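One-letter residues, chain by chain:
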Amino acid sequence: MQVKQLHALIGKLPGVDAPTRQRSGQSLPGRMRRLDDGEVQLLVEGYDAGSSVYELGEQFGISRQTVSRILKQRGVTMRRQGLSPEQVDEAVRLYAEGWSLARIGKRMAVDHGTVWHRLRERGVRMRDPQGRERP
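Residues numbered from 1 in each chain as written. Predicted model: local features only at pLDDT ≥ 70, side-chain atom pairs only at ≥ 80, totals over all residues. Heavy atoms only, no water.

**Looking at helix α3 (residues 53-60)**
(1) Moving on: Of all the residues in α3, the buried ones are V53, L56, G57 and F60. Down the axis, α3 shows its buried residues gathered within 105° of arc, on one side only. Away from its buried face by more than 90 degrees, α3 exposes E58 and Q59.
(2) Moving on: Of the surrounding secondary structure, the elements contacted by the buried residues of α3 are α2 (37-48) and α4 (64-73).
(3) Moving on: Positive phi shows up at G61, right after α3, with a value of about 70°. (Buried < 20%, exposed > 50% of the residue type's maximum accessible area, 1.4 Å probe, protein only. Helix = DSSP H or I, 4+ residues; strand = E, 2+ residues; numbered from the N terminus. Arc of directions from axis to C-beta. Contact = heavy atoms within 4.5 Å.)

**Description of the packing of aromatic side chains**
(1) Moving on: One pass over the full model with this rule turns up zero aromatic pairs.
(2) Moving on: The residue whose ring lies beneath R127 is Y95, and the NZ or CZ to ring-centre distance is 3.8 Å. (Phe/Tyr/Trp six-rings, centres within 6.5 Å; stacked < 30°, edge-to-face > 60°. Lys NZ or Arg CZ within 6 Å of the ring centre and 35° of its normal.)

**Looking at the side chain of S68**
(1) Moving on: Inspection of the secondary structure assignment puts S68 in helix α4.
(2) Moving on: When near neighbours in sequence (up to four residues on either side) are disregarded, S68 contacts V53 and M78.

**Considerations on α2**
(1) Moving on: Look at α2: 17 Å from first C-alpha to last across twelve residues, which is about the 16 Å you get at 1.5 Å a residue.
(2) Moving on: If you check which residues of α2 are buried, you get E39, V40, L43, V44, G46 and Y47. The buried side chains of α2 occupy one side of the element, clustering within an arc of 160° when seen end-on. The exposed residues of α2 that point more than 90 degrees off its buried face are D37, L42 and D48. (Expected span 1.5 Å × (residues − 1).)

**A closer look at the packing of α3 against α4**
(1) Moving on: Interhelical geometry of α3 versus α4 gives an angle of 105° and a closest axis separation of 8 Å. One finds that α3 runs roughly perpendicular with respect to α4. On α4, the residues that touch V53, Y54, L56 and G57 of α3 are R64, V67, S68 and L71.
(2) Moving on: The class makeup of the residues in the contact of α3 with α4 is five nonpolar, two polar and one charged. (Axes fitted to C-alpha atoms, helices over the stretch in contact; angles between N-to-C directions. Parallel < 35°, antiparallel > 145°, perpendicular 65-115°, else oblique. Nonpolar A, V, L, I, M, F, W, Y, C, P; charged D, E, K, R; others polar.)

**Thoughts on unusual backbone geometry**
(1) Moving on: Backbone geometry places A109, a non-glycine residue, at a positive phi of 60°.
(2) Moving on: Owing to a relative accessible area of 35%, A109 belongs among the partly exposed residues under this scheme.

**A short note on the pattern of salt bridges**
Close approach of charged atoms allows side chains of opposite charge to pair.
(1) Moving on: Applying the stated criterion across every chain, the model contains five salt bridges.
(2) Moving on: Salt bridges linked by common partners bring E90, R93, E97 and R107 together as one network. (Salt bridge = Lys/Arg side-chain N within 4 Å of Asp/Glu carboxyl O.)

**A word on the environment of S84**
(1) Moving on: Mapped onto the secondary structure, S84 falls in the loop between α4 and α5 (85-96).
(2) Moving on: Separated by 34 residues in the primary sequence, S84 and R118 place their C-alpha atoms 9.8 Å from one another.

**Digging into the packing of α2 against α4**
(1) Moving on: Following both chains from N to C, one finds α2 and α4 inclined at 95°, their axes separated by 10 Å at the closest point. With respect to each other, α2 and α4 are oriented roughly perpendicular. Between α2, through V40, L43, V44 and Y47, and α4, the contact on the second element is made entirely by V67, I70 and L71.
(2) Moving on: The residue makeup of the contact of α2 with α4, split by class, is seven nonpolar, no polar and no charged.

What follows is the structure in structure tokens.
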């Protein structure tokens, strides 16, 4: 709070611009980044060309949920979401080899929670965060 007030006061000094805080390619936490019409068009074209919502979110500095919302607003038909049975087989194998849910999710372009749900459906015993099997 005090930093914001200090920035505001500095900006009121004659001949001094208020300092800005930016991170490369990312919006500030809690702030929505608005895409202009050209960026939205590129996002739609990227999705149509096969990019995942995760890849597009990273590329445009927005969340995957925002990517999905924009695509739905534009009437884009979303691809099948989740994991195919073959991908679940691979996820089971990778998890048994010691891979983390996050690593498997990244490889398959899905959220780690999706991996967790599919593995549980297959009856896989889950490890705790330290890698130990849960009772």
